[in-house]
Each structure stands twice: as structure tokens, then as C-alpha cells.
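Understanding the architecture of this molecule
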Amino acid sequence: EDQVTQSPEALRLQEGESSSLNCSYTVSGLRGLFWYRQDPGKGPEFLFTLYSAGEEKEKERLKATLTKKESFLHITAPKPEDSATYLCAVQGGGAQKLVFGQGTRLTINP
Amino acid sequence: GAGVSQSPSNKVTEKGKDVELRCDPISGHTALYWYRQSLGQGLEFLIYFQGNSAPDKSGLPSDRFSAERTGGSVSTLTIQRTQQEDSAVYLCASSSDSRSGNTIYFGEGSWLTVV
């Protein structure tokens, strides 16, 4: 059964303090690893899809990387507006559904 | 429309009543998903539709839950005889086809409270 574990559960940073969020996964035949951002009271907003180990993608202050066992979401010099819950999900094998982790709640203090 | 549209945004219902939640996917998207998110929890898969194929119902938690998709577009999730543990946000998502790794876009959700 596909599984996703995200750590830490919550992370509080000062504005400008860079850090990384972790997503560890087990999946039978990875077809895609997805990162979403979710603000309170909103639906998940798509950020990145990674398909194979070694792949990296960037968007503004965010960079996502992928290995065979985990993915990292690096946030560089974050701003308060980056505060949100970040969700990781995998799509594997013959299934079309995404399996999600519990998310990391990120707070950036000014 | 520009995005996945869900209605109602909020629904408060009495225990034992039936509710229907509606999802209008992005125009042209053939794949449609329903997920449930309880307070402070991750997303739980419920059901997946792709074109005219038989839906993947493997995530439906009980026979009180059902969903249909008419004309390959709009979908309705029905919860019969609601219970308090059904209180959650119900999220709909769509993607352009069934190819693996295709981007899946979510709506804003329907917040269900059972009292």
C-alpha cells in the first residue's frame, strides 16, 4: 500500500530563515510526486509535479527535489505570505488516485 | 469555468438527513476525484471517475456514500443518513485525462457540518 509521511508536522520560522520540509514515501512504481499548498479554508493549490529521482523544480522561493525515497521542499528566504500547510502526495502503480501525507503547517513570522 | 466549482460552500444538516454535494470540473477534464478532509487531517480518497469507465469506489467509507457523474461532466456526492463523523470538508478535483502524473486541480471544497 502506498504511504506518505511528512515531517515536521509544524514549523515556525522567522522571515528570511531558510529551511526544508520532508516527504518520505513508499510506492509501487512511482508515476508522480505532487506538492500542494493549502491556505486555511481553501482547497489545495498545485505547486509541483516530480516524476523521477534527481529531478528538481523551482517556483519563486520554493524548490522541490526528489530521490527514490523522499522529496524535499526547500524554502529560501521565506516571507509571511508563504505561511500555509504544504501537502505532499504520490501517484503510483496502476492507480490514478493521489495518496496524501498529513501535511506540514508552516508559519513565517515577520 | 476557470476552475473546479463546488456547491454548496457550506452545509449544516441534522443527523440522519441526506445531503448532496455538487462538483463542476474544469471544462474538458475527463478525470474527476472526490476527497474528504477532516479537521486537521490529510486528504482521504473517496472515489474517482474517468470518462465512461466504471468508477473506482474503493475509498467510499460506507454504503451511505455514493457518487455519480452525469454526461461525463458534473458530479454529485450523496451522503445518506448523515452522522456526526461525516462532518468534514469534501474536496473535488479534476484533471485533463487519466495519464499518470497529470496535474490534478482542486476546488475550494464543501464544508459539511452534521449537528
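In what follows, the accompanying structure is described.

Conventions and cut-offs
- Residues numbered from 1 in each chain as written.
- Chains lettered and ligands numbered in written order.
- Predicted model: local features only at pLDDT ≥ 70, side-chain atom pairs only at ≥ 80, totals over all residues.
- Heavy atoms only, no water.
- Contact = heavy atoms within 4.5 Å.
- Salt bridge = Lys/Arg side-chain N within 4 Å of Asp/Glu carboxyl O.
- Helix = DSSP H or I, 4+ residues; strand = E, 2+ residues; numbered from the N terminus.
- Nonpolar A, V, L, I, M, F, W, Y, C, P; charged D, E, K, R; others polar.
- Pairing = 2+ DSSP bridges.
- Axes fitted to C-alpha atoms, helices over the stretch in contact; angles between N-to-C directions.
- Phe/Tyr/Trp six-rings, centres within 6.5 Å; stacked < 30°, edge-to-face > 60°.
- Buried < 20%, exposed > 50% of the residue type's maximum accessible area, 1.4 Å probe, protein only.
- Polar contact = N/O pair within 3.5 Å; in protein donor to acceptor, adjacent residues only side chain to side chain.
- Disulfide = S-S within 2.5 Å.

Remarks on the interface of chain B and chain A
With 21 residues of chain B at the contact, the number on the chain A side is 19 residues. Counting across the interface, chain B meets chain A through zero salt bridges. Those elements giving two or more residues to the side of chain B that touches chain A turn out to be β4 (31–37) and β5 (43–50) of chain B. Taken together, the residues of the side of chain B that touches chain A sort by class into nine nonpolar, ten polar and two charged.

So, the sheet that holds strand β1 (residues 5–7) of chain B
Residue and element names in this part refer to chain B. Sheet architecture is open: four strands sit in the order β1-β3-β7-β6, paired in antiparallel fashion. The open sheet has two edge strands, β1 and β6 (65–69), and neither has a second partner. Neighbour to neighbour, the strand axes of the sheet diverge by 15 degrees on average, direction disregarded. Pairing of strand β3 (residues 19–24) with strand β7 (residues 75–79) involves five bridges; the strand directions are antiparallel. Looking at β7, one finds that E20 is bridged to T78.

Comments concerning the packing of aromatic side chains
The tally for this structure, following the rule as stated, stands at eleven aromatic pairs over all chains. Put simply, the rings of F34, Y36, F46 and F100 of chain A together with Y33, Y35, F45, Y48, Y105 and F106 of chain B pair up and form one aromatic cluster.

What to know about the side chain of S110 of chain B
All names here are of chain B. Looking at where S110 falls in the secondary structure, it is placed in strand β10 (residues 110–114). Using a relative accessible area of 1% as the deciding quantity, one classes S110 as buried. At a separation of 2.7 Å, a polar atom in the side chain of S110 contacts the main-chain carbonyl oxygen of P8. Those residues in contact with S110 that lie beyond four places of it in its chain are Q6, S7, P8, S9, L21, A88, V89 and Y90.

Some details on the state of the cysteines
Residues and elements named next belong to chain A. Enumeration according to the criterion identifies two disulfides over all chains in this entry. Between the sulfur atoms of C23 and its disulfide partner C88 the distance amounts to 1.9 Å. Note on the C23 and C88 pair: the S-S dihedral is about -65 degrees, so by sign convention the disulfide is left-handed. You can see C23 sitting in strand β3 (residues 19–26) and its partner C88 sitting in strand β9 (residues 84–92), a full 65 residues away along the chain.

Looking at the sheet that holds β3 of chain A
Sheets are built from strands paired through backbone hydrogen bonds, the pairs being either parallel or antiparallel. Residue and element names in this part refer to chain A. Spatial ordering of the open sheet is given by β1-β3-β8-β7-β6, a layout of five strands whose pairing is antiparallel. Every other strand in the sheet has two partners, leaving β1 (3–7) and β6 (56–59) as the edge strands with one partner each. Direction aside, the axes of adjacent strands within the sheet are offset by 15 degrees on average.

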